[in-house]
Amino acid sequence: MQFITKKEYMEQFQKTLEKAGTERKVLAYYLDAQFQKINQLTEAITHETFWRVFPEILGIDAKLSLLTELISCEDFSNEEIIRITETDYRTYLKELCGYNISEGNNPSMVFKLV
């Protein structure tokens, strides 16, 4: 799916969570908290704050992507999914790009998540 607005971007994560059913309700609170953070960051971004804020936005995006990937794993509880998401989001994009996490980072903002 290609999204062009923040609303469409957020809706794709909400739809994935809704498909997971009511047993994943705890994750809805986590998702809402991430949405609140991304809203605060995007509303406050300026050309002066861009270099500080953008890695945080990328970090939230990685969390949301990882969360939706883990939702389908029935072996993980909601708490385990949140724990894994919070600990692994910084390396998620690096692994997704085919890099080994033990390798040094490229000088890309994508690999310097906050």
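The structure under discussion appears in the preceding block.
Below, the structure is looked at part by part. (Residues numbered from 1 in each chain as written. Predicted model: local features only at pLDDT ≥ 70, side-chain atom pairs only at ≥ 80, totals over all residues. Heavy atoms only, no water.)

**Structural notes on the overall build of the chain**
In terms of regular secondary structure, the chain is built from four helices and zero strands. For the chain, the proportion of its 114 residues judged to be buried stands at 33%. Of all intrachain contacts in the chain linking residues separated by at least 6 positions in sequence, the fraction that spans at least 24 positions is 56%. (Helix = DSSP H or I, 4+ residues; strand = E, 2+ residues; numbered from the N terminus. Buried < 20%, exposed > 50% of the residue type's maximum accessible area, 1.4 Å probe, protein only. Contact = heavy atoms within 4.5 Å.)

**Observations concerning the pattern of salt bridges**
Inspection of the entire model under this criterion finds three salt bridges. Across the pair K63 and E86 runs a salt bridge whose closest N-O atoms are separated by 3.2 Å. In this pair, K63 sits in helix 3 (residues 50-71) while E86 sits in helix 4 (residues 78-96), placing the two residues 23 residues apart along the sequence. (Salt bridge = Lys/Arg side-chain N within 4 Å of Asp/Glu carboxyl O.)

**Comments concerning the nonpolar core**
Among the nonpolar cores identified, the biggest contains 25 residues, and L31, L64 and L67 are the most heavily contacted of them. When residues in this core are grouped by element, the largest group, nine residues, is from helix 3. Contact partners of L31, with chain neighbours within four places excluded, come to F13, Q14, L17, L64 and L67. (Core = buried A, V, L, I, M, F, W, Y, C linked by side-chain atoms within 4.5 Å.)

**Observations concerning the layout of surface pockets**
One simple way to see leftover space: roll a probe sized like a water molecule over the atoms. Taken as a whole, the largest pocket spans an internal volume of roughly 190 Å³. Around the largest pocket, the lining residues are Q14, L17, E18, G21, T22, R24, K25, A28, L31 and D32. Those elements giving two or more residues to the lining of the largest pocket turn out to be helix 1 (6-20) and helix 2 (25-44). When residues of the lining of the largest pocket are assigned to their parent elements, the largest contribution, four residues, is made by helix 2. Split into classes, the residues belonging to the lining of the largest pocket amount to three nonpolar, three polar and four charged. (1 Å grid on protein atoms, 1.4 Å probe; cavity = no way out; pocket = protein on both sides within 12 Å on 5 of 7 lines; lining within 4 Å. Points joined across faces, edges and corners; volume = space filled by probe spheres on them. Nonpolar A, V, L, I, M, F, W, Y, C, P; charged D, E, K, R; others polar.)

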